[in-house]
Number of protein chains: 2
Amino acid sequence: MRQDTRLSRLLHVLLHMAQTEAPMTSQQIAVMLGSNAVVVRRIMAGLRDGGYVDAERGHGGGWRITKRTDEITVLDVYRSLDEPDLFAFGFSKPSPACLVEQSVNATIKGAIETAKDAILDKFSTLRLSQIEADVRRRMDSVAR
Amino acid sequence: MRQDTRLSRLLHVLLHMAQTEAPMTSQQIAVMLGSNAVVVRRIMAGLRDGGYVDAERGHGGGWRITKRTDEITVLDVYRSLDEPDLFAFGFSKPSPACLVEQSVNATIKGAIETAKDAILDKFSTLRLSQIEADVRRRMDSVAR
DNA sequence: AATAATGTAATAGGTAAAGTTACACAAGCT
DNA sequence: AGCTTGTGTAACTTTACCTATTACATTATT
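So, how was this worked out
Residues numbered from 1 in each chain as written. Chains lettered and ligands numbered in written order. Predicted model: local features only at pLDDT ≥ 70, side-chain atom pairs only at ≥ 80, totals over all residues. Heavy atoms only, no water. Helix = DSSP H or I, 4+ residues; strand = E, 2+ residues; numbered from the N terminus. Rg over C-alpha atoms; globule rule 2.2 N^0.38 Å. Buried < 20%, exposed > 50% of the residue type's maximum accessible area, 1.4 Å probe, protein only. Contact = heavy atoms within 4.5 Å. Areas by Shrake-Rupley, 256 points an atom, 1.4 Å probe, with all protein chains shown as cover. Lys, Arg positive; Asp, Glu negative; His and termini not counted. Charge placed at Lys NZ, Arg CZ, Asp CG, Glu CD. Near = heavy atom within 4 Å. Polar contact = N/O pair within 3.5 Å; in protein donor to acceptor, adjacent residues only side chain to side chain. Nonpolar A, V, L, I, M, F, W, Y, C, P; charged D, E, K, R; others polar. Axes fitted to C-alpha atoms, helices over the stretch in contact; angles between N-to-C directions. Parallel < 35°, antiparallel > 145°, perpendicular 65-115°, else oblique. Left-handed = near helix turned anticlockwise from the far one by under 90°. Buried area = accessible area lost by both parts, 1.4 Å probe. Salt bridge = Lys/Arg side-chain N within 4 Å of Asp/Glu carboxyl O. Pairing = 2+ DSSP bridges. Expected span 1.5 Å × (residues − 1). pLDDT = per-residue confidence, 0-100. Least-squares fit on C-alpha atoms with pLDDT ≥ 70 in both.

### Observations concerning the overall build of chain A
- In terms of helices and strands, chain A carries 6 helices and 2 strands.
- For chain A, the α and β elements follow one another from N to C terminus as α-α-α-β-β-α-α-α.
- In summary, chain A has a C-alpha radius of gyration of 19 Å against a globular reference of 15 Å for 144 residues, an excess of more than 25%.
- Every one of the 144 residues in chain A was classed for burial, and the buried ones make up 47%.
- Summarising the internal contacts of chain A: among those between residues at least 6 apart in sequence, 60% fall at separations of at least 24.
- Counting only carbon and sulfur atoms, one obtains 47% of the accessible surface of chain A, whose full area is about 7500 Å².
- Computed over 20 positive and 18 negative side-chain charges, the inter-centroid distance for chain A is 4 Å.

Okay, here's the thing in structure tokens:
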């Protein structure tokens, strides 16, 4: 299955927005992501609705981050995408008549639920500010 | 066709094969899965190569399980599918020049690796015999 | 009024599993 | 030997979803 890259793209954009005062246009962001301005507006819409960014129209407009990086977690960003499926595997029938299939589904579902809780818990502890700190570490080691 | 359903389908089939002596034809299995005989052969090929099942051609032929259900784990079945991606999300570029994107990728990758280890560890503890036991419990509660 | 932005609907493209068709090969039955 | 019943696979089509593109309305600045 082809993978959903929206989460990593949003994180990438937010961190760049946090490094500058001036609003960034969808077009600038699109170039940065190797993507398209319309695609950018689409994936940013959730962040806007969640109050994490702000979009100004017209001349001199663009996107701006409205919270500090230590106030935004990866979980927040994931939720702003409407919580798309995390897993690439699942069952073929939601509620089968076959008892064997029911057991298989319950088994798979259990594994998925456990893993999902673990990932979302991890996401909730990861703040943008931590990724920022990691970027600074990388910059230091490049400069050295 | 959002998710990969091969793992749950294979588990389903293996458990039915464990309940009968006679070989099951791809066509019978296909009906059971609401699928197609060719699709069945395709997903069974890995199990055959792994030695978990055996396919006999010609009259009276079909598929037969060759191990006991306590000798097969969910991990074995997953591996026989060539370990397809477990996660529906990922990065857009494998090795970006941008330091920020590198950090984001590292962050996401870390979360994925941790979760993957946890899931595979869980898979390795789940034996077909345990799912069988769960099926029996369901049968009992239906009969009651 | 012209220009530079976002907002969004409609449509096309790309990818991987699932489904289908076609045919080669193998084994048992009459 | 020939027919039937199976697997093995290649090639193609379908399906679902993210991504990309096109088109146009709306809004704000100059």
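### A word on the protein's contact with DNA strand C
- In the region of DNA strand C, 29 residues are neighbours, and A:Ser26, A:Arg41, B:Thr5, B:Ser35 and B:Arg42 sit closest.
- The sugar-phosphate portion of DNA strand C accounts for 63% of its atoms within 4 Å of the protein, the bases making up the rest.
- In the environment of DNA strand C, a base nitrogen lies 3.5 Å from a nitrogen or oxygen atom belonging to the side chain of A:Arg42.
- Within the side chain of B:Ser35, a nitrogen or oxygen atom sits 2.8 Å from a phosphate oxygen of DNA strand C.
- Sorting the residues of the surface near DNA strand C by element identifies helix H3 (37–49), strand E1 (53–56) and strand E2 (62–65) of chain A together with helix H1 (6–18) and helix H3 (37–49) of chain B as the ones contributing at least two each.
- Sorting elements by how many residues they give to the surface near DNA strand C places H3(A) first, with 4 residues.
- The residue makeup of the surface near DNA strand C, split by class, is 8 nonpolar, 11 polar and 10 charged.

### Topic: the packing of helix H5 (residues 99–125) of chain A against helix H6 (residues 128–143) of chain B
- Between H5(A) and H6(B), the shortest axis-to-axis distance is 9 Å and the interhelical angle comes to 125 degrees. One way to sum up the angle between H5(A) and H6(B) is to call them oblique. As H5(A) runs across H6(B), the sense of the crossing is right-handed. Two secondary-structure elements touch here, H5(A) through A:Leu99, A:Val100, A:Gln102, A:Ser103, A:Val104, A:Ala106 and A:Thr107 and H6(B) through B:Ile131, B:Asp134, B:Val135, B:Arg138, B:Met139 and B:Val142.
- Each residue belonging to the contact of H5(A) with H6(B) can be placed in one class, and the counts come to 8 nonpolar, 3 polar and 2 charged.

### A short note on the interface of chain A and chain B
- Listed by partner, the interface residues are 45 residues for chain A and 45 residues for chain B.
- Between chain A and chain B, a total of about 4200 Å² is buried, with carbon and sulfur atoms accounting for 69% of that surface.
- Between chain A and chain B we count 0 salt bridges in total.
- Where chain A touches chain B, the interface holds 19 residue pairs in polar contact (both at pLDDT 80 or more).
- Broken down by secondary-structure element, the contributors of at least two residues to the side of chain A that touches chain B are helix H1 (6–18), helix H2 (26–33), H5 and helix H6 (128–143) of chain A.
- The greatest single-element share of the side of chain A that touches chain B, amounting to 14 residues, is contributed by H5(A).
- For the side of chain A that touches chain B, the per-class residue count stands at 26 nonpolar, 11 polar and 8 charged.

### A closer look at the pairing of E1(A)
- In this structure, E1(A) lies alongside E2(A), joined through 4 bridges in antiparallel fashion. Counted as the bridge partner of A:Ala55 is A:Trp63 from E2(A).

### Quick word on unusual backbone geometry
Residues and elements named next belong to chain A.
- Phi at Glu83 takes a positive value of approximately 50 degrees, unusual for a residue other than glycine.
- Residue position: Glu83 is located in the loop between helix H4 (74–80) and H5.
- Assessed through its relative accessible area of 39%, Glu83 is described here as partly exposed.

### A word on H1(B)
Residue and element names in this part refer to chain B.
- With 13 residues, H1 extends 18 Å between its outermost C-alpha atoms, agreeing within 8% with the 18 Å of an ideal straight helix rising 1.5 Å per residue.
- Within H1, 11 of the 13 residues are buried, which leaves it mostly tucked inside the rest of the structure.
- Those residues of H1 not exposed but buried are Leu7, Ser8, Arg9, Leu10, Leu11, His12, Val13, Leu14, Leu15, His16 and Met17.

### Comments concerning the side chain of B:Glu132
Residue and element names in this part refer to chain B.
- Assignment of secondary structure puts Glu132 in helix H6.
- At 4.7 Å, Arg136 is the nearest oppositely charged side chain to Glu132, a buried residue that forms no salt bridge.
- Once you skip the residues sitting within four places of it in the chain, Glu132 turns out to touch Leu15, Ala18 and Thr69.

### Some points on the confidence of the model for chain A
- Looking at chain A as a whole, its pLDDT mean stands at 94, while 99% of the residues score no less than 70.
- Looking across chain A, the model is least confident in H6(A), with a mean pLDDT of 93, and most confident in E2(A), with 98.

### Some words on the relation of the copies chain A and chain B
- With an RMSD of 0.1 Å, the fit of chain A onto chain B corresponds to turning through 180 degrees and sliding 0.0 Å along the axis. Overall, the copies show the geometry of a two-fold rotation axis.
- In this assembly the copies share their binding face: 98% of the residues contributing to the interface of chain A also contribute to that of chain B.

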